[in-house]
Amino acid sequence: MKWQTRVTKLFGIEYPIIQGGLAHLAYADLAAAVSNAGGLGQITAMSLPHPEHLRKEIQKVKRMTSKPFGINFAIGQHGRPYEEMVEVAIEEQVPVVSVTGGNPKHVLDKLVGQPMKKLVLVASKRQAIKAEELGADAVIVVGQEGGGHLGRADTGTFVLIPQVVDAVSIPVIASGGIIDGRGFVASLALGAEGIEMGTRFIATKECVDAHPMYQNAILAADETATVVIKRSLGMPARALKNQWTEEILKLEKAGKGYEDLKTYISGVANKRFIHDGDAENGFGWAGQGAAGITDIPTVHELVSRIVNEGNNIRQSLIKKEK
Ligand SMILES: Cc1cc2nc3c(=O)[nH]c(=O)nc-3n(C[C@H](O)[C@H](O)[C@H](O)COP(=O)(O)O)c2cc1C
């Protein structure tokens, strides 16, 4: 069964399944595995220390796959400069660039006249309309179930997707809480033409930078196991609940600002959990969909499974109609 949509055509991929940017976790190994499995893998640029590290990862991914891949730029991270990183992506003529975390105009302007496809992550109808006006080729729409940084309005994926589908004419990619073939087909039913997943790809064999403790915490999670932190800073983000996130929430409730919170919410605290496996002295982003993740397959097994589940759902819906 074919799953061709405007998203597969736009990127030249087999299945409309995209691996989201994953800070400190998504480099060449994961990106190449997803692209080789027929989806679109992405390297997360902004957690690399230097533009030349990005160039190395791009060159590595090019050796590992001949398929299209993307470079993700989270541009809102406390003024960290991203211009040189974008320059590297242009010099290396990467097939796809995705932008999140701030006004994408500057990056999109730099890409005018370049052949790469431009993706913008949004969390509201207003942002999606703006992204289309600025020249995005497609939008990834992230509902509040998702892992990592979220929109401020707490709108769920199921409500947000059809709203955006009706408001823009570029293809919409659904994200937030999707982990299997059911979420895949449901997203297409809502009018999306593809899906993006973050948390599900962390629990795969090729997510080599994720500590087994972090992966096991995702497997152990139920639907109440995540919590939104940093809301008081205007940057809500979903993480696995633990002692560390409870402490952050306590400080936020006490009215503490960025200066008091910065060591708690830093990349260092994030890496202590996700790279070093320290379950209590750091934090790890994850979405509510972790509740339905119960194994650590290869990326190829995961993508094939989602597509097969999708095929079966399609067949069973057709049978029900007869
Ligand atoms: C650990 C983690 C790190 C993330 N880092 C980024 C990032 O650097 N850039 C980005 O665009 N999105 C980032 N996200 C968001 C994901 O790309 C994706 O939109 C989100 O995970 C979708 O929700 P899901 O986790 O329910 O699949 C991150 C998510 C997680 C779980």
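Keep in mind the model is a prediction, meaning the values are calculated, not measured.

Undergrad: So, the nonpolar core: which residues are in play, and what are the values?
TA: One finds A31, F73, V139, V141, V172 and I173 to be the most contacted residues of the largest nonpolar core, which totals 98 residues. For this core, the element with the most residues is helix α2 (residues 28-36), which contributes six residues.

Undergrad: How would you summarise the site of the ligand if you had to cite specific residues and measurements?
TA: Near the ligand there are 28 residues, and of these G20, G21, G147, G198 and G287 occur at the shortest range. Looking at the shell around the ligand, the elements that each hand over two or more residues are β3 (69-74), β9 (194-197) and α9 (199-202). When the residues that make up the shell around the ligand are grouped by side-chain class, the tally is ten nonpolar, 15 polar and three charged.

Undergrad: An account of the packing of helix α6 (residues 125-133) against helix α7 (residues 157-167) is needed here, citing residue identities and associated values.
TA: Packing of α6 against α7 leaves a shortest axis separation of 9 Å and a crossing angle of 35°. Two packed elements cross with a definite hand, and for α6 against α7 that hand is right-handed. Where α6 abuts α7, its residues K125, A128 and I129 lie against Q163, V164 and A167. The class makeup of the residues in the contact of α6 with α7 is four nonpolar, one polar and one charged.

Undergrad: Could you give an account of the pairing of strand β5 (residues 117-122), naming the residues involved and the relevant values?
TA: Most of β5 is tucked away: six of the six residues are buried. For the segment spanning strand β4 (residues 96-100), helix α5 (residues 105-110) and β5, crossover handedness is right-handed. In this sheet, strand β6 (residues 138-142) lies alongside β5 in parallel orientation, the contact comprising four bridges. Each bridged residue has a counterpart across the sheet, and for L119 the counterpart in β6 is A138. Tracing the backbone out of β5, into α6 and back to the parallel element β6 gives a crossover that is right-handed.

Undergrad: Report on the domain arrangement of the chain, specifying residues and quantitative values.
TA: In many reports, interface size means the accessible area that the parts give up when they come together. According to the domain assignment, the chain contains domain 1 (6-209) and domain 2 (226-285). Of the residues lining the interface, nine residues belong to domain 1; the matching set on domain 2 comes to twelve residues. Across the side of domain 1 that touches domain 2, the residue classes break down as two nonpolar, five polar and two charged.

Undergrad: A description of the sheet that holds strand β8 (residues 172-175) should follow, citing residues and the corresponding values.
TA: The parallel open sheet is built from eight strands, whose spatial order is β1-β9-β8-β6-β5-β4-β3-β2. Of all strands in the sheet, those with a lone pairing partner are β1 (17-19) and β2 (41-44), marking the two edges. For this sheet, the mean inter-axis angle between neighbouring strands, taken without regard to orientation, is 25°. Bridging between β8 and β9 involves three bridges; their strand directions are parallel. Paired with I173 across the strands is G194, a residue of β9.

Undergrad: Tell me what's going on with the environment of V112, and back it up with residues and numbers.
TA: Among the secondary structure elements, V112 is positioned in the loop between α5 and β5. According to the C-beta neighbour criterion, V112 is exposed, with 8 such atoms within 10 Å.

Undergrad: Help me get a handle on the sheet that holds strand β11 (residues 237-240), residues and values and all.
TA: Adjacent strands of a sheet form backbone hydrogen bonds with each other and so pair up, either parallel or antiparallel. Ordered by their spatial adjacency, three strands build an open sheet running β7-β11-β10, and the pairing between neighbours is antiparallel. Every other strand in the sheet has two partners, leaving β7 (148-149) and β10 (226-229) as the edge strands with one partner each. Sheet topology places β7 next to β11; two bridges connect them, and they run antiparallel. In the sheet register, G148 faces β11, and the bridge partner there is R238. Sheet strands touched by helix α11 (residues 243-253): β10 and β11. Its angle to β10, the strand with the most contacts, is close to 35°.

Calculation rules
- Residues numbered from 1 in each chain as written.
- Predicted model: local features only at pLDDT ≥ 70, side-chain atom pairs only at ≥ 80, totals over all residues.
- Core = buried A, V, L, I, M, F, W, Y, C linked by C-beta atoms within 7 Å.
- Buried ≥ 20, exposed ≤ 12 C-beta atoms within 10 Å, placed from the backbone.
- Helix = DSSP H or I, 4+ residues; strand = E, 2+ residues; numbered from the N terminus.
- Near = placed C-beta within 6 Å.
- Nonpolar A, V, L, I, M, F, W, Y, C, P; charged D, E, K, R; others polar.
- Axes fitted to C-alpha atoms, helices over the stretch in contact; angles between N-to-C directions.
- Left-handed = near helix turned anticlockwise from the far one by under 90°.
- Contact = placed C-beta atoms within 7 Å.
- Right-handed = clockwise from strand over helix to strand, strands pointing away.
- Pairing = 2+ DSSP bridges.
- Domains from an automatic or database assignment.

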